[in-house]
Amino acid sequence: NAGVTQTPKFQVLKTGQSMTLQCAQDMNHNSMYWYRQDPGMGLRLIYYSASEGTTDKGEVPNGYNVSRLNKREFSLRLESAAPSQTSVYFCASTLARTYEQYFGPGTRLTVT
Amino acid sequence: KQEVTQIPAALSVPEGENLVLNCSFTDSAIYNLQWFRQDPGKGLTSLLLIQSSQREQTSGRLNASLDKSSGRSTLYIAASQPGDSATYLCASLKLTGANNLFFGTGTRLTVIP
């Protein structure tokens, strides 16, 4: 049971490049989330997926798109990276019974 | 929007001390409150989850309490150890459309051997 996994662990992009961050969970959770963590700002919700086939915007969705490929996988895409998207990105999933959230190890993204 | 505050931002204590970390939130209509630990460069590890109907949860040397009416939660760490050094985050959950967590910015704890 790996929990929540994320790839890649680190990534450096140039401004304007695109990339997709991958997330998968093996806990059969319905809801999945993407957060970003910036110094002094805490974690902020980018997008979430309450169930397979649905996605919705969170607090800071601009510049991102998501895909809930199936129940296990939830990907985050940056179409045209900007330096303001330099951050640590965390994927999480939720146990339906208690709403306890489980987090992946994060992806550290730098946009130059 | 729910605002979550953690004070102090940083705390240093000698090994063996008992300590309390504080978390306050502005909207008391929460479903649960979760405490996490984050080591440098790592992800978040869930420590304790308190449902809104509960007043406290315990795991080993950790005890978390919740007072919804005053908008406060505390994390008590007994007999601190150097391995407890990390950033501790609290997060409150409201059952809105997103059902997402609102995070504080954390308390960075250093336990000095």
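Residues numbered from 1 in each chain as written. Chains lettered and ligands numbered in written order. Predicted model: local features only at pLDDT ≥ 70, side-chain atom pairs only at ≥ 80, totals over all residues. Heavy atoms only, no water.

S.K.: How would you sum up the overall build of chain B? Please name residues and give values.
M.R.: Per the secondary structure count, chain B includes 0 helices and 11 strands. A principal-axis box enclosing the C-alpha atoms of chain B has dimensions of 45 × 30 × 20 Å. By residue count, 47% of the 113 residues in chain B fall in the buried class. Of the contacts made within chain B by residues no fewer than 6 positions apart, 55% connect residues no fewer than 24 positions apart. Computed over 9 positive and 8 negative side-chain charges, the separation of the two mean positions in chain B equals 5 Å. (Helix = DSSP H or I, 4+ residues; strand = E, 2+ residues; numbered from the N terminus. Buried < 20%, exposed > 50% of the residue type's maximum accessible area, 1.4 Å probe, protein only. Contact = heavy atoms within 4.5 Å. Lys, Arg positive; Asp, Glu negative; His and termini not counted. Charge placed at Lys NZ, Arg CZ, Asp CG, Glu CD.)

S.K.: Tell me about the nonpolar core, and name the residues and values.
M.R.: Nonpolar side chains in soluble globular proteins tend to end up buried together. One finds B:Leu33, B:Trp35, B:Leu75, B:Ile77, B:Tyr88 and B:Leu109 to be the most contacted residues of the largest nonpolar core, which totals 22 residues. At 4 residues, strand S3 (residues 19-25) of chain B tops the list of elements feeding residues into this core. Not counting residues up to four positions away in its chain, the partners in contact with B:Leu109 are B:Leu11, B:Val13, B:Leu19, B:Ile77, B:Asp84, B:Ser85, B:Ala86 and B:Tyr88. Core analysis: the next-biggest nonpolar cluster, separate from the first, contains 20 residues, A:Leu13, A:Leu21, A:Ile46 and A:Tyr47 among them. (Core = buried A, V, L, I, M, F, W, Y, C linked by side-chain atoms within 4.5 Å.)

S.K.: I'd like a rundown of the state of the cysteines, residues and numbers included.
M.R.: All names here are of chain B. Applying the stated criterion to the full structure yields 2 disulfides over all chains. Between the sulfur of Cys 23 and that of Cys 90 lies a disulfide, 2.0 Å long from S to S. With the S-S bond torsion at 80°, the cross-link from Cys 23 to Cys 90 turns out right-handed. Of this pair, Cys 23 sits in strand S3 while Cys 90 is found in strand S9 (residues 86-93), placing the two residues 67 residues apart along the sequence. The residues Cys 23 and Cys 90 share a single accessibility class, namely buried. (Disulfide = S-S within 2.5 Å.)

S.K.: Describe in detail the interface of chain B and chain A, supporting the description with residues and values.
M.R.: Across the boundary between the two partners, chain B contributes 24 residues, which contact 20 residues of chain A. Applying the counting criterion to the chain B and chain A interface returns 7 residue pairs in polar contact (both at pLDDT 80 or more). Counting residues per element, the ones that place at least two in the side of chain B that touches chain A are strand S4 (32-38), strand S5 (44-51), S9 and strand S10 (101-103) of chain B. Considering only residue class, the side of chain B that touches chain A consists of 10 nonpolar, 12 polar and 2 charged. (Polar contact = N/O pair within 3.5 Å; in protein donor to acceptor, adjacent residues only side chain to side chain. Nonpolar A, V, L, I, M, F, W, Y, C, P; charged D, E, K, R; others polar.)

S.K.: Which residues make up the side chain of B:Lys94, and what are the values?
M.R.: Residue and element names in this part refer to chain B. With respect to the helices, strands and loops of the structure, Lys 94 is situated in the loop between S9 and S10. Its relative accessible area of 16% is what places Lys 94 among the buried residues. Here the side chain of Lys 94 touches Asp 27 through a polar contact of 2.9 Å, side chain to side chain. A polar contact is formed between the side chain of Lys 94 and the backbone oxygen of Ala 29, at a distance of 3.2 Å.

S.K.: Run through the packing of aromatic side chains, naming residues and quoting values.
M.R.: Applying the stated criterion to the full structure yields 10 aromatic pairs over all chains. Ring centres of A:Tyr33 and A:Tyr35 lie 6.1 Å apart, and the angle between their planes is 25°; on these two criteria the pair is classed as stacked. The same class applies to A:Tyr33 as to A:Tyr35, namely buried. Ring geometry for A:Tyr33 against A:Tyr48: centres 6.3 Å apart, planes inclined by 25°, an arrangement best described as stacked. Here A:Tyr48 lies in strand S5 (residues 42-49) and A:Tyr33 lies in strand S4 (residues 31-38), a separation of 15 residues in the sequence. A:Tyr48 matches A:Tyr33 in its accessibility class, with the two residues each being buried. The structure contains a cluster of three or more aromatic residues connected by ring pairs, namely A:Tyr33, A:Tyr35, A:Tyr48, A:Phe90, A:Phe103, B:Phe36 and B:Phe103. (Phe/Tyr/Trp six-rings, centres within 6.5 Å; stacked < 30°, edge-to-face > 60°.)

S.K.: Got a sec to walk through unusual backbone geometry? Specific residues and values, please.
M.R.: Following A:Thr7, the chain continues to A:Pro8 via a peptide bond in cis, the omega torsion being -5°. Counting through the fold element by element, A:Pro8 comes out in the loop between strand S1 (4-7) and strand S2 (10-13). A cis amide bond, omega 5°, links B:Ile7 with the succeeding residue B:Pro8. In this fold, B:Pro8 is placed in the loop between strand S1 (4-7) and strand S2 (10-14). The backbone of A:Tyr99 shows a phi angle near 65°, a positive value even though the residue is not glycine. Assessed through its relative accessible area of 23%, A:Tyr99 is described here as partly exposed. Phi angles above zero are rare outside glycine, and B:Ala79 is one such case at about 45°. Following the sequence through the fold, B:Ala79 ends up in the loop between strand S8 (72-77) and S9.

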